[in-house]
Amino acid sequence: MRTIKITFNDLSIKADLNDSATADMLWSVMPIEGVVNRWGREIYFDLPIKSDLSKESRESMFIGEIAFWPEGSAFCIFWGQTPASNSGSDIRAISPVNPLGRLRIIPIPELDAVNPGDTIVLERMESNDV
């Protein structure tokens with residue numbers, strides 16, 4: 001299993017990537033830095049990769065899931081309701097996304113303090129650092 005570190009300002013969290021082709025593409029471009037955007041309780045930022053929808057793509061997400069949004073070429077972190085959510089526990093992307101993996105610790109209430117314009121960094125974790 002491949003582990004990544006996601007850093008915003010003073011907050012660092014770990015996530016495990018799945019074995020998908022999209023996760024392989026993400027792994028190949030790290031480390032990468034970007035600017036945070038927010039959409040409800042979703043954080044996303046632009047990535048320099050392109051991918052079609054995978055057979056696993058979907059709109060309904062789980063708390064702590066990370067994904068790639070092909071339509072916007074963006075990395076996404078879901079930890080609660082978005083404007084597309086239908087009910088209290090529904091977590092929904094605006095359109096289908098390719099799941100990449102999950103955060104190691106959920107929920108992460110500190111994500112509520114991450115603001116648009118903050119810097120986000122994705123890095124590979126070496127096996128001895130995991």
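Everything that follows concerns the structure shown earlier in this document.
It should be emphasised that the depicted structure is a prediction, and the values quoted were computed from it without experimental measurement.

Rules used throughout
Residues numbered from 1 in each chain as written. Predicted model: local features only at pLDDT ≥ 70, side-chain atom pairs only at ≥ 80, totals over all residues. Heavy atoms only, no water. Core = buried A, V, L, I, M, F, W, Y, C linked by side-chain atoms within 4.5 Å. Buried < 20%, exposed > 50% of the residue type's maximum accessible area, 1.4 Å probe, protein only. Helix = DSSP H or I, 4+ residues; strand = E, 2+ residues; numbered from the N terminus. Pairing = 2+ DSSP bridges. Arc of directions from axis to C-beta. Contact = heavy atoms within 4.5 Å. Salt bridge = Lys/Arg side-chain N within 4 Å of Asp/Glu carboxyl O.

Core analysis: the largest hydrophobic core is formed by 29 residues, its most contacted members being I6, F8, F75, L111 and L122. Contributions of two or more residues to this core are made by strand 1 (2-8), strand 2 (11-17), helix 1 (21-29), strand 5 (42-46), strand 7 (65-69), strand 8 (74-78), strand 9 (91-103) and strand 10 (119-124). The greatest single-element share of this core, amounting to four residues, is contributed by strand 2. In this structure, A74, C76, F78 and A93 belong to the second largest nonpolar core, which totals nine residues.

Structurally, A74 can be placed in strand 8. Note: C-alpha distance between A74 and I43 (31 residues apart in sequence) is 9.7 Å.

Our next topic: the pairing of strand 1. Burial analysis of strand 1 places six of its seven residues in the buried class, which makes it a mostly covered element. The sheet contact formed by strand 1 and strand 2 spans seven bridges and is antiparallel. Within the sheet, the bridge partner assigned to I4 lies in strand 2 and is A15. Between strand 1 and strand 2, which pair antiparallel one after the other, the connecting turn spans two residues, and N9 there sits at a positive phi close to 45°. The sheet contact formed by strand 1 and strand 10 spans five bridges and is antiparallel. Looking at the pairing, I4 lines up with R124 of strand 10.

What follows is about helix 1. Residues of helix 1 that are buried: T22, A23, L26 and W27. Looking straight down helix 1, one finds that the buried residues subtend no more than 140° of arc, so they occupy a single side. Every exposed residue of helix 1 that faces more than 90 degrees away from the buried side is listed here: A21 and S28. In this structure, the buried residues of helix 1 make contact with strand 1, strand 2, strand 7, strand 8, strand 9 and strand 10.

Applying the stated criterion across every chain yields a total of seven salt bridges. R41 is paired through a salt bridge with D112; the nearest N and O atoms lie 2.4 Å apart. Residue R41 is located in the loop between strand 4 (37-38) and strand 5, and its partner D112 is located in the loop between strand 9 and strand 10; the two are separated by 71 residues in the primary sequence. For R41, a relative accessible area of 32% puts it in the partly exposed group. The class of D112 is partly exposed, set by a relative accessible area of 33%. Between R92 and E59 there is a salt bridge whose closest N-O contact spans 4.0 Å. Note that R92 is positioned in strand 9 and E59 in strand 6 (residues 58-61), a separation of 33 residues in sequence. Judged by relative accessible area, which is 21%, R92 ranks as partly exposed. Three or more residues are tied together by salt bridges with common partners; here these are E59, D90 and R92.

By themselves, these are just geometric observations and shouldn't be taken as functional.
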